[in-house]
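# Residue-level structural notes
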Amino acid sequence: MIEVKNLVRTFKTGDRTIKPVNGVSFELEEGTLASIVGKSGSGKSTLLSLLGALDKPTSGDVVVNGVSLAGMPDGKLTEYRRRDIGFVFQQFNLIPNLSALDNVMLPMEFAGVRKPMRDQRARELLQQVQLDPEKHGRRINRLSGGEQQRVAIARALANEPKLILADEPTGNLDEQTGEHIIELLSSLSRDHNTTILVVTHDRQLANKTDRRFRLQQGRLTEEPARDRAGAAAGVEAGVGTAAV
Ligand SMILES: Nc1ncnc2c1ncn2[C@@H]1O[C@H](COP(=O)(O)OP(=O)(O)OP(=O)(O)O)[C@@H](O)[C@H]1O
Ligand SMILES: [Mg+2]
């Protein structure tokens, strides 16, 4: 379970101060697939960085399975980031001249997993994200955008993180490939009980998540849930037409 408690992040540039995250609180149960939508510049990436300990809040706390990030020494934060969090970014952040397999093995190497084990697990993960086995050994810069995104997801799963943070994971992909990625994230949260938080502009994706949040003027509000098949429950017909 992840508990976010009154999180605030202030940025000062010159004599201007902005608060893209201004008192955000929510809780996510294990195995939840949740989405955050909001305008460009509304603070979505800032919030994900705070949850993943890539950045520190001005105030507030994130508590992961009972362990508080506030006041955690930097060494422990690095450990948390490497062991407990899987990141998926729009820009993939893969190493372009390494193979798909090597990219997926890298976080396991940092975590001290032995080579034969790393190799086996990386192959399994790439299979899980349905990357053609012929392409496991291929360099990243010779894979398509959709294939690279699958590798990025496999890499995020490498250390069996408690929480996957995905920033616009379908942003660069065509509709159909985006759909596959959504289904993949959905089955991962179900089958592995992984908590997944996805930032997206893609309303279709947002509609398929268990919980939907909107970040606006530093505040997070929750929108009515939909079922996983994406069908609107009768009472909320029309709600989904709000601009994402
Ligand atoms: N390191 C920083 N220093 C100063 N301002 C920052 C910093 N990082 C982000 N900001 C500002 O904070 C606000 C929120 O940025 P953020 O990247 O979180 O938005 P976003 O919702 O992810 O937008 P997008 O949908 O375009 O990715 C923006 O006004 C941005 O310019
Ligand atoms: Mg962003």
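No experiment lies behind these values; they were computed from the predicted model shown.

Here we come to the packing of aromatic side chains. A full pass over the atoms with the stated rule returns two aromatic pairs. Measuring from ring centre to ring centre gives 5.2 Å for phenylalanine 26 and phenylalanine 213, while their planes differ by 45 degrees; the resulting arrangement is tilted. Of this pair, phenylalanine 26 sits in strand β2 (residues 16–28) while phenylalanine 213 sits in strand β9 (residues 211–216); the two residues are 187 residues apart in sequence, bridging distant segments of the chain. For the pair shown, phenylalanine 26 and phenylalanine 213 are each scored as buried. Centroid distance phenylalanine 87 to phenylalanine 89: 5.7 Å. Interplanar angle 5 degrees. Geometry classified as stacked. Owing to a relative accessible area of 25%, phenylalanine 89 belongs among the partly exposed residues under this scheme.

Quick look at the site of ligand 1 now. Taken together, the residues surrounding ligand 1 are Phe11, Ile18, Pro20, Lys39, Ser40, Gly41, Ser42, Gly43, Lys44, Ser45, Thr46 and His201. One of the backbone nitrogen or oxygen atoms of glycine 43 is found 2.9 Å away from an oxygen atom of ligand 1. Contact distances for ligand 1 include 2.8 Å between an oxygen atom and a side-chain N or O atom of serine 45. The protein chains hide 58% of the 640 Å² of surface that ligand 1 would expose on its own. When residues in the shell around ligand 1 are grouped by element, the largest group, three residues, is from helix α1 (residues 44–51). Taken together, the residues of the shell around ligand 1 break down into three nonpolar, seven polar and two charged.

Turning our attention to the sheet that holds strand β10 (residues 219–223). In spatial order, the strands read β6-β7-β8-β3-β9-β10; together these six strands make up an open sheet with mixed pairing. Single-partner strands in this sheet number two, and they are β6 (85–89) and β10. The average angle at which neighbouring strand axes cross in this sheet is 20 degrees, direction not considered. With four bridges connecting them, strand β3 (residues 33–37) and strand β8 (residues 195–199) associate as parallel partners. Of the residues in β8, the one forming a bridge with leucine 33 is isoleucine 196. Against the sheet, α1 engages β3, β6, β7 (163–167), β8, β9 and β10, with an angle of about 155 degrees to β7. Helix α5 (residues 145–157) contacts β6 and β7 of the sheet and is inclined by roughly 165 degrees relative to β6.

Along the chain, arginine 139 falls in the loop between α4 (115–128) and α5. Sequence separation between arginine 139 and threonine 32 is 107 residues, and the spatial gap between their C-alpha atoms is 33 Å. Once residues lying within four places of it in the same chain are set aside, the contact partners of arginine 139 are Pro96, Asn97, Leu98 and Ser99.

As a packed pair, helix α3 (residues 100–110) and α4 sit with axes 9 Å apart at the nearest point and diverge in direction by 125 degrees. Classified by the angle between their axes, α3 and α4 sit oblique to one another. Like other packed secondary-structure pairs, α3 and α4 cross with a definite hand, here right-handed. Of the residues in α4, those in contact with Ala100, Leu101, Val104, Met105, Met108 and Glu109 of α3 are Lys115, Arg118, Asp119, Arg121, Ala122, Arg123, Leu125 and Leu126. Residue classes in the contact of α3 with α4 are distributed as eight nonpolar, no polar and six charged.

Before going further, it helps to spend a moment on the pattern of salt bridges. Note on pairing: side chains with opposite charge can pair once their charged atoms come close. All told, the structure shown has 11 salt bridges when counted by the stated rule. Two residues, arginine 83 and aspartate 84, come together in a salt bridge whose shortest N-O distance is 3.4 Å.

In this structure, Val104, Leu126, Val151 and Ile153 are the most contacted members of the largest nonpolar core, which totals 33 residues. Of all the elements in the fold, those that place two or more residues in this core are α3, α4, α5, β7, α6 (175–191) and β8. Per element, the largest residue contribution to this core is six residues, and it comes from α5. Every residue in contact with valine 104, bar those within four places of it in the chain, is listed here: Ala122, Leu125, Leu126, Val151, Ala154, Arg155 and Ala158. If you look at the next biggest cluster of nonpolar residues, it comprises 29 residues, including Leu7, Leu28, Leu163 and Val199.

Here is what the cut-offs are and how they apply
- Numbering of residues begins from 1 in every chain and follows the order in which that chain's sequence is written.
- In the order they appear in the text, chains get letters beginning with A and ligands get numbers beginning with 1.
- For this predicted model, a pLDDT threshold of at least 70 governs which residues receive local features, and a threshold of 80 or more governs which side-chain atom pairs are given and counted, while totals over whole chains, interfaces and linings are taken from all residues.
- The side-chain numbers reported here are obtained from all heavy atoms of the structure, hydrogens and water having been left aside.
- What counts as a ring pair is set by centres within 6.5 Å for rings of Phe, Tyr and Trp (its six-membered ring), and what kind of pair is set by the plane angle: stacked under 30 degrees, edge-to-face over 60, tilted for all other angles.
- Secondary structure elements are defined from DSSP: runs of H or I of at least 4 residues count as helices, runs of E of at least 2 residues count as strands, and each element is numbered from the N terminus.
- Classification of residues uses two cut-offs on accessible area relative to the type maximum, computed with a 1.4 Å probe and protein chains only: under 20% is buried, over 50% is exposed, and between them is partly exposed.
- In this text, near means that some heavy atom of the residue lies within 4 Å of the molecule or strand in question.
- Polar contact is the term for a pair of N or O atoms within 3.5 Å; when the atoms are in protein, one must be able to donate a hydrogen and the other to accept it, and sequence-neighboring residues count only if both atoms are side-chain atoms.
- Surface exposure here means Shrake-Rupley accessible area, sampled with a 1.4 Å probe, where a residue is shielded only by the protein chains that are shown.
- Charged means Asp, Glu, Lys or Arg here, nonpolar means Ala, Val, Leu, Ile, Met, Phe, Trp, Tyr, Cys or Pro, and polar covers whatever is left, Gly included.
- Two strands are counted as paired when DSSP detects at least two bridges linking them.
- With axes taken as lines fitted to C-alpha atoms, and helix axes fitted only over the stretch in contact, angles between N-to-C directions fall between 0 and 180 degrees.
- By the convention used here, residues are in contact when the closest approach between their heavy atoms is within 4.5 Å.
- For this classification, under 35 degrees means roughly parallel, over 145 means roughly antiparallel, 65 to 115 means roughly perpendicular, and everything else is oblique.
- Handedness of a crossing is defined here by the sense of rotation of the near helix relative to the far one, left-handed for an anticlockwise turn of less than a right angle and right-handed for a clockwise turn.
- Each salt bridge in this description consists of a side-chain nitrogen of Lys or Arg and a carboxyl oxygen of Asp or Glu lying within 4 Å of one another.
- Think of a nonpolar core as a cluster: buried Ala, Val, Leu, Ile, Met, Phe, Trp, Tyr and Cys residues, connected wherever their side-chain atoms sit within 4.5 Å.

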